[in-house]
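The primary structure of each chain is shown beneath.
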Amino acid sequence: MILIGQLDSPFVRRVAIALYAYGTGFEHRELSAYGDFGELLSLNPLGKVPALQLDDGTVLADSTLIIDYLEQSAEAGSSLWPSGLEQRALALAHAGVAVGLAEKAVEFRTETVRRPSDKVDQARVDRVLAQIAASLQWLENHTPGEGYLFDGRLTHADIASAVAVTFIANKNAEHLAAEVRETAKGYPKLIAHTARCEQLKAFVAAPFTEY
């Protein structure tokens, strides 16, 4: 099994952490979504990361679909979703907002860093900023002051939330209304939860990495 993509992507990192949390062995190929686009296209028609190449050669693209596969193939008792339908729905809602936040944080950088300054659509940037702020506030409101989000243990909701916040902290910390390495203003519960997660073995094994 080969995970393809760089760990500065919250989506690649989400999958890598899940693989470590499941205890699934894998190889990691650090291909860039931009610099290695041609090679990525040869692996999957969208040239997307993350991509997970299975032992039989099948390639899965999209972090949510990859995680669904990993969950279905995980050993009994090692699920990273909470037990019970109601808790599962709440965790899915939480993960959905967190993954959407990561998508908007990446979109913000695409619009403001990769696009020529004279081509920036400010109305679109303002819309994305509003979505980022609303998502951060939602996550803050639904994050406990201590521990994990559900079942008293790590779930995909924790992983999705933490990797999104870590990405923002390293790329555009202004979204968090503070330099998060120095203070916890703005979203204290969310930032504290991220810090707790980042100390876990699965997170340490797949650290956010600048390339």
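Overview of the structure. As the structure is a prediction and not an experimental result, all values here were calculated from the model.

On to the environment of Arg29. By the element assignment, Arg29 lies in strand β2 (residues 27–29). On a C-alpha basis, the gap between Arg29 and Ile4 in space is 4.8 Å, while along the polypeptide they are 25 residues apart. For Arg29, the residues in contact, after removing those within four places along its chain, are Ile2, Leu3, Ile4, Gly5, Glu39 and Leu43. For Arg29, the side chain forms a polar contact with the side chain of Glu39, separated by 2.4 Å.

Counting 29 residues, the largest nonpolar core has Leu3, Val15, Ile17, Leu52, Leu70, Ile159 and Phe203 as the members making the most contacts within it. Every element with two or more residues in this core is listed here: β1 (2–4), α1 (10–22), β3 (51–53), α3 (63–73), α6 (156–171) and α8 (201–205). Trp81, Leu149, Ala164 and Ala169 belong to the second-largest nonpolar core, a separate cluster that totals 28 residues.

What follows covers the environment of Ser135. Within the secondary structure, Ser135 sits in helix α5 (residues 122–141). Using a relative accessible area of 15% as the deciding quantity, one classes Ser135 as buried. Measuring from C-alpha to C-alpha, the distance between Ser135 and Arg109 comes to 17 Å, with 26 residues separating the pair along the chain. The contacts of Ser135, once residues within four sequence positions are left out, are Val97 and Leu101.

Cut-offs applied
Residues numbered from 1 in each chain as written. Predicted model: local features only at pLDDT ≥ 70, side-chain atom pairs only at ≥ 80, totals over all residues. Heavy atoms only, no water. Helix = DSSP H or I, 4+ residues; strand = E, 2+ residues; numbered from the N terminus. Contact = heavy atoms within 4.5 Å. Polar contact = N/O pair within 3.5 Å; in protein donor to acceptor, adjacent residues only side chain to side chain. Core = buried A, V, L, I, M, F, W, Y, C linked by side-chain atoms within 4.5 Å. Buried < 20%, exposed > 50% of the residue type's maximum accessible area, 1.4 Å probe, protein only.

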